There are 2 protein chains.
Amino acid sequence: MHPTVKRMTEIVASGDDSKIIEILAEEVRFMPPTYWKTWVGREPVAAVLGHVGQVFSNFRYRRIMGEGKDWALEFQCKIGDHDAVGVDLITLNDAGLIEEFEVVMRPHSSVGALRDEMNKRVMTDARFLKFKEALR
Amino acid sequence: MHPTVKRMTEIVASGDDSKIIEILAEEVRFMPPTYWKTWVGREPVAAVLGHVGQVFSNFRYRRIMGEGKDWALEFQCKIGDHDAVGVDLITLNDAGLIEEFEVVMRPHSSVGALRDEMNKRVMTDARFLKFKEALR
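Everything numeric in this text was worked out from a predicted model, so none of it was measured.

Peer 1: Sorry if this is basic, but what is going on with the overall build of chain A here?
Peer 2: A count of helices and strands for chain A gives four helices and six strands. Moving toward the C terminus, one meets the helices and strands of chain A in the order α-β-β-α-β-β-β-β-α-α. For 136 residues, the compact-globule formula gives about 14 Å, and the C-alpha radius of gyration of chain A, at 14 Å, lands near that figure. Considered along the principal axes of its C-alpha atoms, chain A spans approximately 35 × 35 × 25 Å. Evaluated residue by residue, chain A yields a buried proportion of 38% over its 136 residues.

Take a look at the structure:
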């Protein structure tokens, strides 16, 4: 397993999502499961991922597939009472940092619950006033 | 790449989804992106996949990751006017047939469009009268 992917699983397991910023490229692109847009940049992406980490409970990575710069990390979790399964689709850059991070999930109803919860959080997090232009 | 995975990409590229049944295990389990249930059995799963193949347009596999029995096939497609990205999460059995097939996707709105379209098709496909008990 690539050391960045290993570090990613360790950070998630630790519950300290603030460390995720270490392994993000400066111009990282994050595509959420909830809408067809892209967050760009290390700081806003780390902030979004911090909220996701608080919305997901009972999170567990299952299979980790891939090699080189291309990785698929299968996971299961809860969103409130809803069960969910997903995949973190990761692309690393030459420096071994995450330059693309796309998340796909099932089922539809659980992603709806995630969207509602994320909207509430982002709307009340003052940092997102300055991150507005990071959503493209 | 495992020969079954290669065959899967060839069948999808050919547009002849009726051939997918060749590579499904007798007791294959299919978990759709739309709801938290599982279709069980080669015939109903092939029928569901046949409809999915007709709902998706501009379908293209992107990265194929994995080894041995565990595979993640990243794809992009359209559902009507909606863009979508997804992953086919595949588990093979000892005979090299697909025993588990779980699909995760983004974004939420596109999966909603897929759900509506699939409901319409399954409700008007007479085969699904006998497949009722295959949905668990």
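Peer 1: Teacher, can you tell me more about the pairing of strand 1 (residues 24-31) of chain A here?
Peer 2: The two faces of the sheet receive side chains in turn, since in a regular strand these alternate between them. All names here are of chain A. Bridge count between strand 1 and strand 6 (residues 98-106): four bridges; the pairing is parallel. Paired with Met 31 across the two strands is Glu 102, which belongs to strand 6. Here strand 1 pairs with strand 2 (residues 39-40) via two bridges, running antiparallel. In the sheet register, Arg 29 faces strand 2, and the bridge partner there is Val 40.

Peer 1: Looking at this structure, how should I read the interface of chain A and chain B?
Peer 2: Interface size, as often reported, equals the accessible area lost upon joining of the parts. Each partner contributes residues to the interface: chain A has 27 residues there, and chain B has 27 residues. Counting only elements with at least two residues in the side of chain A that touches chain B, the list comes to strand 3 (56-67), strand 4 (70-79), strand 5 (82-92), strand 6 and helix 3 (108-123) of chain A. Of the residues contributing to the side of chain A that touches chain B, the split by class is 15 nonpolar, five polar and seven charged.

Peer 1: Can you walk me through the relation of the copies chain A and chain B in this structure?
Peer 2: The operation relating the two chain copies consists of a rotation about an axis and a shift along that axis. Its rotation angle being 180 degrees, the transformation that places chain A on chain B also includes 0.0 Å of axial translation and leaves an RMSD of 0.0 Å. Taken together, the turn and the small shift mark the pair as related by a two-fold rotation axis. Of the interface residues in chain A, 100% have counterparts in chain B that sit at the interface too, so the contact is made through matching surfaces.

Peer 1: So what exactly am I meant to see when it comes to helix 2 (residues 42-55) of chain A here?
Peer 2: Since there are 3.6 residues in each turn of an α-helix, residues three or four apart along the chain are aligned in direction. Residues and elements named next belong to chain A. Relative to the 20 Å expected for 14 residues at 1.5 Å per residue, helix 2 spans 20 Å between its end C-alpha atoms, a close match to the ideal helical length. The set of residues buried in helix 2 consists of Arg 42, Pro 44, Val 45, Ala 46, Ala 47, Val 48, Leu 49 and Val 52. For helix 2, the secondary structure elements touched by its buried residues are strand 1, strand 2, strand 3 and helix 4 (127-131).

Peer 1: Where do I start with helix 3 (residues 108-123) of chain B in this structure?
Peer 2: Residues and elements named next belong to chain B. Compared with an ideal rise of 1.5 Å per residue, which puts 16 residues at 22 Å, helix 3 spans 23 Å between its outermost C-alpha atoms and is within 8% of the ideal. Inspection of helix 3 places His 108, Ser 110, Val 111, Leu 114 and Met 118 among the buried residues, and these make up the whole buried set. Taken end-on, helix 3 shows its buried residues confined to a sector of 145 degrees, consistent with a single buried face. The exposed set on the far side of helix 3, more than 90 degrees from its buried face, consists of Asn 119, Lys 120 and Met 123.

Peer 1: Please clarify how the nonpolar core should be interpreted in this entry.
Peer 2: For soluble globular proteins, the rule of thumb is that nonpolar side chains tend to be buried together. A:Ala72, A:Val87, A:Val104, B:Ala72, B:Val87 and B:Val104 are the most contacted members of the largest nonpolar core, which totals 76 residues. The residues touching A:Ala72, leaving out its near neighbours within four places in the chain, are A:Met65, A:Gly66, A:Val87, A:Leu89, B:Met65, B:Ala72 and B:Val87.

Peer 1: Explain the environment of A:Glu133 here, please?
Peer 2: Residues and elements named next belong to chain A. Locating Glu 133 in the fold gives a position in the segment after helix 4. Since 9 C-beta atoms lie within 10 Å of it, Glu 133 is described here as exposed. Separated by 93 residues in the primary sequence, Glu 133 and Val 40 have C-alpha atoms spaced 8.7 Å apart.

What counts as what
- Residues numbered from 1 in each chain as written.
- Chains lettered and ligands numbered in written order.
- Predicted model: local features only at pLDDT ≥ 70, side-chain atom pairs only at ≥ 80, totals over all residues.
- Helix = DSSP H or I, 4+ residues; strand = E, 2+ residues; numbered from the N terminus.
- Rg over C-alpha atoms; globule rule 2.2 N^0.38 Å.
- Buried ≥ 20, exposed ≤ 12 C-beta atoms within 10 Å, placed from the backbone.
- Pairing = 2+ DSSP bridges.
- Contact = placed C-beta atoms within 7 Å.
- Nonpolar A, V, L, I, M, F, W, Y, C, P; charged D, E, K, R; others polar.
- Least-squares fit on C-alpha atoms with pLDDT ≥ 70 in both.
- Expected span 1.5 Å × (residues − 1).
- Arc of directions from axis to C-beta.
- Core = buried A, V, L, I, M, F, W, Y, C linked by C-beta atoms within 7 Å.

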